[in-house]
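Report on the structure
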Amino acid sequence: MGMTGERRRRVWRWAVAVWAVAVIVGGGFTLWLQDSVKPPGPYRWEQAEATSTPSLPEGWETQCPTPSAGADEDGPVAIACLIVTTR
């Protein structure tokens, strides 16, 4: 026994309707997730205080290496020193 033409069309319509609902729900879910990851506004620039720069800890000079040119080096030497303090 085969499916009649009317029944086949009804199944096809249901399949299309389920697909359309899935696409709409998925799109709405995507937009909702996209909006939820944005940081809250309003966005503005703030002027930093001149005193907001932390001072270096005592003895930092001995913790950081001093630049010294080796015998085989020609040109400037750059050295970076990172000091991490915990409060």
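One structure accompanies this document, and this report is about it. Residue numbering note: each chain is counted from 1, following its sequence as written. Restriction of local features to residues with pLDDT of at least 70 applies here, the model being predicted, together with a cutoff of 80 or more for giving and counting side-chain atom pairs; totals for whole chains, interfaces and linings are based on all residues. Working from all heavy atoms in the structure, the side-chain values ignore hydrogens and water.

**A look at the overall build of the protein**
Assigned secondary structure in the protein consists of 2 helices and 0 strands. Accessible area is worked out with a 1.4 Å probe on protein chains only. A residue is then buried under 20% of its type maximum, exposed over 50%, and partly exposed in between. When burial is assessed residue by residue, the protein has 1% of its 87 residues classed as buried. Accessible surface is estimated by sampling points in the Shrake-Rupley manner with a 1.4 Å probe; for residues, cover comes only from the protein chains shown. Carbon and sulfur atoms make up 61% of the accessible area of the protein, which totals about 8,900 Å². What counts as a helix is a DSSP run of H or I of at least four residues, what counts as a strand is a run of E of at least two, and both are numbered from the N terminus.

**What about the pattern of salt bridges?**
Salt bridges are defined as contacts in which a side-chain nitrogen from Lys or Arg sits within 4 Å of a carboxyl oxygen from Asp or Glu. On inspection of all chains with the given rule, the structure shows 1 salt bridge. Here arginine 9 and glutamate 6 are joined by a salt bridge, their closest N and O atoms 3.3 Å apart. Here arginine 9 and its partner glutamate 6 are both found in helix H1 (residues 5–36), 3 residues apart, which amounts to about one turn of the helix. A relative accessible area of 46% places arginine 9 in the partly exposed class.

**Re the environment of threonine 85**
Topologically, threonine 85 is positioned in the segment after helix H2 (60–63). The spatial distance from the C-alpha of threonine 85 to the C-alpha of proline 57 is 8.2 Å, given a sequence separation of 28 residues.

**Overview of a nonpolar patch on the surface**
Candidate patch residues must exceed 30% relative accessible area and have no salt bridge, after which like charges are joined if within 9 Å and Val, Leu, Ile, Met, Phe, Trp or Tyr side chains if within 5 Å. A cluster of nonpolar side chains, Phe29, Trp32 and Leu33, forms an exposed patch at the surface whose accessible area comes to about 340 Å². Within the fold, leucine 33 resides in helix H1. By relative accessible area, leucine 33 is classed as partly exposed at 37%.

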